Amino acid sequence: MDLAAAPAPRTCDVWLVPVRRRNAWTRLLTVPDREHLVGLDSVATAVHLTSRAAQRLILSRYLGVFPDEVVVDRSCERCGDPQHGRPHVPGAPLDYSVSHTRAWVLVAVVGDGRVGADLDARPADGDLEDLAAAALTPAERRAWRRLPARDRADALLASWTRKEATAKLTGHGLTIPLRDLDVSGPRPTLLGRDPSVRLPHPRPYLTHVPAPADHSAALATTTHVDQVRHLRLPDTVPDDVVPVPAPRTSRPSALLAPR
């Protein structure tokens, strides 16, 4: 694989991976990951498999190890649960965040500070009022309702991804009520008074990320991002080929390449 250092300060690498069931990638999953596949429908299987294998393939590029050697810790910083925390590689000179829809997996990587990323699909028009009531602060909702009807779905989706990215950055997840999180500016503001829910100091920075059609994506970072590099797993990697480690005296062949 082409080795690379972690992204430079103020740079975030964003990888978009189409969700497909690549059966050979199952070898890159841990035993708990494989057990999680049991009982899933075809869509959920493809999402889980693509996400977990892609994380290993992408992280291996930065860490200079084979994909099956990447160790990801998902322990929750708040309660210690080993499975629902923000993922990280212990001791690595980088931080990353992952998000997915039914069609895409997004992995964001920074070499300085922390990152939270979110990717979501455009909601159906019939769901907009309920979603706005659940997700927007009173001021955000008033501004949203002043928009032309044709713009409301995209505006709501943009706000939602910014809020989710912030919640992923902090590690709180949805324990932060989205209605208490204002993302109308370049940095989020927490309106709630719960002392257990706090934003980092200084407040995170929010960055819009170009996304596939009918999707929206956003980053929340603890350091300002000036550059977003868009990367991909190369299309030339066949579905039925798993990267097999070469002898330890040599490097594996190139697996990952920038777009």
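Description of the structure in this document. (Residues numbered from 1 in each chain as written. Predicted model: local features only at pLDDT ≥ 70, side-chain atom pairs only at ≥ 80, totals over all residues. Heavy atoms only, no water.)

Thoughts on the overall build of the chain
Consideration 1: Within the chain, the regular secondary structure consists of five helices and ten strands.
Consideration 2: Sorting the 259 residues of the chain into buried and exposed places 44% on the buried side.
Consideration 3: In the chain, once contacts between residues fewer than 6 apart in sequence are set aside, the share between residues at least 24 apart is 61%.
Consideration 4: Total accessible area on the chain is roughly 13,000 Å²; 53% of this is exposed by carbon and sulfur atoms. (Helix = DSSP H or I, 4+ residues; strand = E, 2+ residues; numbered from the N terminus. Buried < 20%, exposed > 50% of the residue type's maximum accessible area, 1.4 Å probe, protein only. Contact = heavy atoms within 4.5 Å. Areas by Shrake-Rupley, 256 points an atom, 1.4 Å probe, with all protein chains shown as cover.)

Quick look at helix H5 (residues 149-170)
Consideration 1: Look at H5: 33 Å from first C-alpha to last across 22 residues, which is about the 32 Å you get at 1.5 Å a residue.
Consideration 2: Residue Gly171 follows H5 closely and has a positive phi angle near 85°. (Expected span 1.5 Å × (residues − 1).)

A few points about unusual backbone geometry
Consideration 1: Geometrically, the link from His201 to Pro202 is a cis peptide bond, its omega value of 0° lying close to zero.
Consideration 2: Looking at the secondary structure, you find Pro202 in the loop between strand S6 (189-190) and strand S7 (205-209).
Consideration 3: One non-glycine residue, Arg10, lies in positive phi territory at about 70°.
Consideration 4: Despite not being glycine, Asp214 shows a phi value in the positive range, around 65°.
Consideration 5: For Asp214, the position within the fold is in the loop between S7 and strand S8 (215-221).
Consideration 6: A relative accessible area of 55% places Asp214 in the exposed class.

Brief notes about the pairing of strand S2 (residues 95-100)
The side chains of a regular strand alternate between the sheet's two faces.
Consideration 1: Taken across its six residues, S2 has five buried, putting it largely inside the fold.
Consideration 2: As paired elements, S2 and strand S3 (residues 104-110) share six bridges and run antiparallel to each other. Across the sheet, residue His100 finds its bridge partner in S3, namely Val105.
Consideration 3: Counting the residues in the hairpin turn of S2 and S3 gives three residues. (Pairing = 2+ DSSP bridges.)

Section: the environment of Pro7
Consideration 1: Looking at where Pro7 falls in the secondary structure, it is placed in the segment before strand S1 (11-18).
Consideration 2: On the accessibility criterion, Pro7 (5% relative accessible area) is buried.
Consideration 3: Every residue in contact with Pro7, bar those within four places of it in the chain, is listed here: Asp13, Tyr62, Val109, Val110 and Gly111.

Observations concerning the sheet that holds S7
Hydrogen bonding along the main chain pairs the strands of a sheet, whether they run parallel or antiparallel.
Consideration 1: On the basis of which strands lie adjacent, the open sheet formed by three strands has the order S4-S8-S7 and antiparallel pairing. Both outer strands of the open sheet, strand S4 (115-121) and S7, are each paired with one neighbouring strand and no more. The average undirected angle you get between the axes of adjacent strands in this sheet is 20°.
Consideration 2: As paired elements, S7 and S8 share five bridges and run antiparallel to each other. Residue pairing for S8: His208 is matched across the bridge by Ala218.
Consideration 3: Strands S4, S7 and S8 of the sheet are contacted by H5, whose axis makes an angle of about 145° with S4. (Axes fitted to C-alpha atoms, helices over the stretch in contact; angles between N-to-C directions.)

Here we look at helix H3 (residues 128-135)
Consideration 1: The set of residues buried in H3 consists of Leu128, Ala132 and Ala135. The buried residues of H3 occupy an angular sector of 85° when projected down its axis, which confines them to one face.
Consideration 2: Looking at the buried positions of H3, the neighbouring elements they touch are helix H4 (138-145) and H5. (Arc of directions from axis to C-beta.)

A look at the environment of Asp33
Consideration 1: When you line up the elements, Asp33 lands in helix H1 (residues 31-37).
Consideration 2: Here Asp33 falls in the buried class, since its relative accessible area comes to 5%.
Consideration 3: Along the chain, Asp33 and His48 lie 15 residues apart, while their C-alpha atoms are 8.2 Å from each other.
Consideration 4: Ignoring anything within four residues of it in the chain, the contact list for Asp33 reads His48 and Arg52.

Honestly, that's just the spatial picture; any functional story needs more than this.
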